[in-house]
Amino acid sequence: MTNPFAALELRSLRIPNRLWMSPMCTYSAAPEGKLVGAPTDFHLAHYAARAAGGAGLVMVEATGVSPVGRISAWDLGLWNDDQAQVFGRLTSAITEAGAVPAIQLAHAGRKASVDKPWLGGEQLTEDRHGWPTQGPSTVAFPGYSAPSEMSKEDIASVVQDFASAAKRALTAGFKVVEIHAAHGYLLHSFLSPLSNRRTDSYGGDLAGRSRIVIEVIDAVRSVWPPSLPVFLRVSTTDWIDENPDLQDASWTIRDTIELSRAATKHGVDLIDASSGGLVPTPIPRDRDYQTRYAQQLRSNVDAPVAAVGRIDDPSWAAELLEHGHADALFIGRALLRDASWPNNAASALGSDARYLEQYSYAV
Ligand SMILES: Cc1cc2nc3c(=O)[nH]c(=O)nc-3n(C[C@H](O)[C@H](O)[C@H](O)COP(=O)(O)O)c2cc1C
């Protein structure tokens, strides 16, 4: 039993509370040029405001480990040292405002090469900031072009890209790296039998389909200090497992439990329990649609679990933590609406808000 404002210790890292900013793409980096993929003034103001607003940890949005690993040409990227240097400004701004700086490393796979969502989000061709995509097999995301099937050399180079990006994230001052294995992007597309039709050692049974994820974890852990934690974001279900005919054909909570157990043995310190994104499919509207999967993971895996999804009410957040459904909560859209959501939740729940010293004597 815990409350949202109790600190959480993972390895040697102390995270001051349990209300964290969920990774959310902002499509605001330069698509080309010397500072391609580097944070801009927008990112600095955006993330510093959420840190000042009381989030215990600020997870910077999906950041491409390579140019083709970006979701869009306007994503953040961490494949060169110039980018890492600019990220250093972001980590100091987040740290100075009292939050732990964290970054989500990602490869978008067959869902890459799209336009900004507010411009329609369609997949773009090479003449419009697009590129040919890669995946485990040539199965396309519905409505997108078919990816090319990755060779074993392609897989090895993606694994290495995650490690190199993690190393640069450390240099830039991040204290947590999160491996993005959710939402239908590259790693999730290897996990799910709906998109992975390979017959080599990276396909087939659960161990084969999980192989790339475990290799990425090992590669990241080999460069990430033992004193700092690694998180893994997973989709707990493809949302097809309610249909008994398709159960073996999709990724389910049972698979997620197995993967999470293996991941923790390989050095993952927290499972971030999201869902969906592999195929377009309806998602239930109940308030606990996704947090209930975090709860299931927490009772089946010997590791801390973070819940996410539709957590926008302080008393619901407190209830989830007090009832042990999760160890921490990622807040997404509520933090876009209100950068001070955690501080306002503290006031609503009768706890102390964490104001900057520049504000605290005055408010
Ligand atoms: C604008 C936007 C961008 C997002 N980008 C990412 C991302 O970069 N990485 C990720 O894992 N999830 C991403 N998500 C999902 C959120 O992190 C979160 O899991 C989801 O919005 C559900 O939480 P919420 O109901 O609190 O918003 C994004 C969501 C939104 C709304």
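1. Structural notes on the nonpolar core
Leu-57, Phe-231, Leu-232 and Leu-329 are the most contacted members of the largest nonpolar core, which has 99 residues in total. The element that contributes the greatest number of residues to this core is helix α3 (residues 152-172), accounting for 9 residues. With residues up to four places along the chain from it excluded, the contact list for Leu-57 reads Ile-15, Leu-19, Trp-20, Met-21, Ala-99, Val-100, Ala-102, Val-176, Phe-231 and Phe-330. Grouped together as the second largest cluster of nonpolar side chains are 12 residues, Ala-62, Ala-73, Val-114 and Tyr-185 included.

2. Considering the pattern of salt bridges
Tallied over the full model, the rule gives 14 salt bridges. Ionic pairing is found between Arg-221 and Asp-269, a salt bridge with its closest N-O pair at 2.9 Å. You can see Arg-221 sitting in helix α5 (residues 206-223) and its partner Asp-269 sitting in the loop between α6 (253-265) and β11 (270-274), a full 48 residues away along the chain. With respect to burial, Arg-221 and Asp-269 carry one shared label: buried. One continuous salt-bridge network, built from bridges that share partners, spans Arg-11, Arg-221 and Asp-269.

3. Notes on the site of the ligand
By nearness alone, 14 residues border the ligand, and Ser-22, Pro-23, Gln-104, Arg-310 and Arg-333 come closest of all. Residue Pro-23 places a main-chain N or O atom 2.7 Å away from an oxygen atom belonging to the ligand. In isolation the ligand exposes 600 Å². Once the protein is present, 81% of that is buried. Of the residues in the shell around the ligand, the class split is 5 nonpolar, 6 polar and 3 charged.

About the thresholds
- Residues numbered from 1 in each chain as written.
- Predicted model: local features only at pLDDT ≥ 70, side-chain atom pairs only at ≥ 80, totals over all residues.
- Heavy atoms only, no water.
- Core = buried A, V, L, I, M, F, W, Y, C linked by side-chain atoms within 4.5 Å.
- Buried < 20%, exposed > 50% of the residue type's maximum accessible area, 1.4 Å probe, protein only.
- Helix = DSSP H or I, 4+ residues; strand = E, 2+ residues; numbered from the N terminus.
- Contact = heavy atoms within 4.5 Å.
- Salt bridge = Lys/Arg side-chain N within 4 Å of Asp/Glu carboxyl O.
- Near = heavy atom within 4 Å.
- Polar contact = N/O pair within 3.5 Å; in protein donor to acceptor, adjacent residues only side chain to side chain.
- Areas by Shrake-Rupley, 256 points an atom, 1.4 Å probe, with all protein chains shown as cover.
- Nonpolar A, V, L, I, M, F, W, Y, C, P; charged D, E, K, R; others polar.

The quantities given are spatial measurements derived from coordinates; they are silent on function.
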